[in-house]
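Chain by chain, the residues run as shown.
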Amino acid sequence: MHHPPSRSTVPHSRHTFRWLTASRLAGVSLLLASLGSASAASPHSERGGLHTTPLADQPSTTSASLDPRRSLAITDFATVSTITLRMVMNQLVQQAGSTGFTAEQLYRQLWDTQNPAPGEADLPGGAHCSDNIFTLNGAPYHCRQSEGREAVLGNGSVLDRYNLIGLFNRFDLAPPDGANCGQYRMVFAHPPPDRNLVIFEAVLPNPRRELGLEGCRPIAQTWASFSTLTDPVARRARVKSFFLEASSPGHVPVVHANHYGNNPLGEGQVRTNQFIQQGPPAPWMLHEFKLKRQCGPTGCTLRFVPVTVKANPRGDFFNIFNTEPLAVSFREYFITQVASLAVDDINRFNYEVPDIYNDAESDSESFNASDNYLNEFLFAPPENRFATAIAAELQRIGSPLSPEQVVSRAQALSCAGCHNRSSFADLGGAIGTFPPIQTSFVHTNEVPDPTAPPDEPRFLLSNLLTGTFLPFRQQILGGFLDTPALGALQRDSNGRIPTVVAGQPFNASVSVTNTGTTLWSAANGTHGVSLDGAQSLVLAPGDAILLGQHKTFTVTPTAPLTPGAFTYRWRMQRNGAAFGPELTLSVNVKSPSFASELVEQTLVPATMAPGESFQFSVRMKNWGTKSWSAQTPVELGSQNPVDNLVWGVARVPLLPYEVVDPGEDTTFLFTAVAPPLTGTYLFEWRLMQGNQPFGQSTLPLTISVMPPLSCDSCTFGYDCPHSCPPPIE
């Protein structure tokens, strides 16, 4: 493993005012071969979701009616006191099958992960901080035995030491495709002096996944209703029901064993803000866990499993003196995320961190911790390769930010940065400096809010939540509720009206934006229905058109026969319900050079004998712009296939002296001879100009060629051959 030189050996640069500490986390080997498929991008912990959708920008009347302290962040004493940690843990173990640990044991097992193995005797099979030589994901994982003492079975109940201080609506974290309906959080706190916080972050599945984001509307409406529900008793009951029972029929409660990681996608998590330990290596530490039902020979047990902290790459990866392959790979990947980090909005700058790069824990306070990304970045000379690559990408996208400001933005998105380390950091652009948190590290504090109404005391929220993050989430929730389930809007075609040839097929496109919250897909019956009997607008099997996205339908209609202006019309429809305005395609129809219209044709026999013949005539009208003549040449030609000789002739020309001007008609006459073999044959003709067919064809017919009847088996005067003698009277 590469060991970067001591900071004390590096000459001070123009950045000497930065922290240039002398120590760093040393020494865990990163074996690429052991990482397997862990390189997949992990979900955002705090951002992403609906933040970049039209919901964040569109005017919303509902948004103004929402009370963020009821519909986004509930901390009033009366409501949060209705849910206890014991209720939560009892419900989890019951849903997991009531086997293995009790509720008390399960919660103690969470804290036993902070002890070295073997841990508490009655909590076997769980993870410990000493696993993998005190590492997780190749990064150091510290034992926190002060918190680990929470796992020790004592006289008092662990569960009853914690109080609920906040319930949070993170509908804004729902993905745009509605794969789930966002996160719904509970923050439990142990009061000082042994301050400790546990955050249950459930991801709610979408009960109507086929509808996309629209399937989440009942959940959003439930939270919105908390703002207008004036009866505090009824409001408390409904909030409690949402978390512990169900928001409505067909929905599951927030508190469920499968919502905290015990699902195929590993969605949801439990995080801890750990304050009990005092002194080195850190008085504050954030860890993350998944709840997993683990089965073995003796049965199944629900356990908390430590995992990486998300959107938290290892800080030493920002240091170019770390030449380990994984660190080099991260810096190359980071360049692809610069554009997302450069978005000049405090609520929307973001980036994805594949889990292969994430740290095992997040430290908000230690002076020399690897979590200080900017410190690690500035350890290198100013014009290093990494900084130069970031600067080049910023120049390419036209951003005025500096590489240092981009790294500071990445740090602000880490757990440590969001909680404390990024206070007063220079993020550049319109954002300026990152605001300091005025609630002592956390965004939900255990102390009363001095601004609360006297009749509704509540716990304190951070200034970042109340002044910046909650208003943004309020806009998203209101914007969603104001958006119809089904909506469509045709995209501007720049006023171009194509000119097409009358009677001829042509290629065209109709581009439509989905302005509703329902996903468009072929599977859920969304398509465009023609109002003129033309071709429908059909989604491809793999299409999934989300709110704000557009679909360009390709169609091949046949132009009308009459020259002039014509407009094709469609209406979007889902399962028989039309929505949105009419969609139109206007064209100018011009007369073709060569065009014809069938006026009349003679009857043809339904059956014939082999070699038998009949006279066939067809009259065609010239409504093109050019005259027909033998010299043009215009001829009547057999079809299916073109120029076949099934009926003894492939082309019937005009008379040598004949000229058919536009608007006139002419008759083509020829003798058709039945083929020698019996069978059923097509009989269809169309005008040809050289090798190009045009205009209307004759009526497509089939004629059966059959052996002639004998005189003994026929009915005289009806189907007897002409050679049969008349019957004797």
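Residues numbered from 1 in each chain as written. Predicted model: local features only at pLDDT ≥ 70, side-chain atom pairs only at ≥ 80, totals over all residues. Heavy atoms only, no water.

Turning to the overall build of the chain, a few remarks are in order. Scanning the chain from terminus to terminus reveals 16 helices and 30 strands. Overall size of the chain, expressed as C-alpha extent along the three principal axes, is 125 × 65 × 55 Å. Within the chain, buried positions represent 53% of all 729 residues. A sequence separation of at least 24 residues applies to 68% of the contacts in the chain between residues at least 6 apart. By element, 56% of the accessible surface of the chain is carried by carbon and sulfur atoms, the whole surface being about 31500 Å². Charged side chains in the chain number 49 positive and 61 negative. The centres of these two groups are separated by 7 Å. (Helix = DSSP H or I, 4+ residues; strand = E, 2+ residues; numbered from the N terminus. Buried < 20%, exposed > 50% of the residue type's maximum accessible area, 1.4 Å probe, protein only. Contact = heavy atoms within 4.5 Å. Areas by Shrake-Rupley, 256 points an atom, 1.4 Å probe, with all protein chains shown as cover. Lys, Arg positive; Asp, Glu negative; His and termini not counted. Charge placed at Lys NZ, Arg CZ, Asp CG, Glu CD.)

The next thing to look at is the packing of helix α8 (residues 217–228) against helix α16 (residues 463–482). The contact between α8 and α16 brings their axes to 10 Å, and the two run at 120°. Classified by the angle between their axes, α8 and α16 sit oblique to one another. The hand of the α8/α16 crossing is left-handed. Here Arg217, Ala220, Gln221 and Ala224 of α8 lie close against α16, whose contacting residues are Leu477, Phe480 and Leu481. Grouping the amino acids of the contact of α8 with α16 by side-chain chemistry returns five nonpolar, one polar and one charged. (Axes fitted to C-alpha atoms, helices over the stretch in contact; angles between N-to-C directions. Parallel < 35°, antiparallel > 145°, perpendicular 65-115°, else oblique. Left-handed = near helix turned anticlockwise from the far one by under 90°. Nonpolar A, V, L, I, M, F, W, Y, C, P; charged D, E, K, R; others polar.)

So, about the nonpolar core. One finds Met89, Tyr107, Phe200 and Phe334 to be the most contacted residues of the largest nonpolar core, which totals 126 residues. In terms of residue count, α16 provides more of this core than any other element does, nine residues in total. Phe616, Leu654, Phe683 and Trp685 belong to the second largest nonpolar core, which has 26 residues in total. (Core = buried A, V, L, I, M, F, W, Y, C linked by side-chain atoms within 4.5 Å.)

All right, on to unusual backbone geometry then. In terms of backbone geometry, most residues other than glycine have negative phi values and most peptide bonds are trans. With an omega of 10°, the peptide bond between Pro192 and Pro193 qualifies as cis. Cis geometry marks the peptide bond from Asn640 to Pro641; its omega dihedral reads 0°. Within the secondary structure, Pro641 is located in the loop between β23 (634–638) and β24 (651–653). Positive phi, normally seen in glycine, also occurs at Asn640, with a value near 55°. Looking at Asn640, the relative accessible area reads 45%, which means it is partly exposed. With a phi angle near 65°, Asp643 is a residue other than glycine that sits in the positive phi range. Summarising the element assignment, Asp643 is placed in the loop between β23 and β24. Note on Asp643: relative accessible area 32%, which makes it partly exposed.

Here the focus is the side chain of Glu376. Residue placement: Glu376 occurs in helix α12 (residues 373–378). Classification of Glu376 as buried rests on a relative accessible area of 1%.

Further remarks concern the packing of helix α13 (residues 385–397) against helix α14 (residues 403–412). Across the interface, α13 lies against α14 with an axial gap of 9 Å and an inter-helix angle of 95°. Relative to α14, the element α13 lies roughly perpendicular. Contacts from Ala387, Ile390, Ala391 and Leu394 of α13 reach α14 at Pro403, Val406 and Val407. For the contact of α13 with α14, the class distribution of residues is seven nonpolar, no polar and no charged.

This next bit is on the sheet that holds strand β16 (residues 550–555). Here we have three strands laid out as an open sheet, ordered β12-β14-β16, and antiparallel in their pairing. Since the sheet does not close on itself, it has two edges, and those belong to β12 (488–490) and β16, each with one partner. Here the strands of the sheet are splayed against their neighbours by 30° on average, with no regard to which way each runs. (Pairing = 2+ DSSP bridges.)

That is the geometry; function is a separate question.
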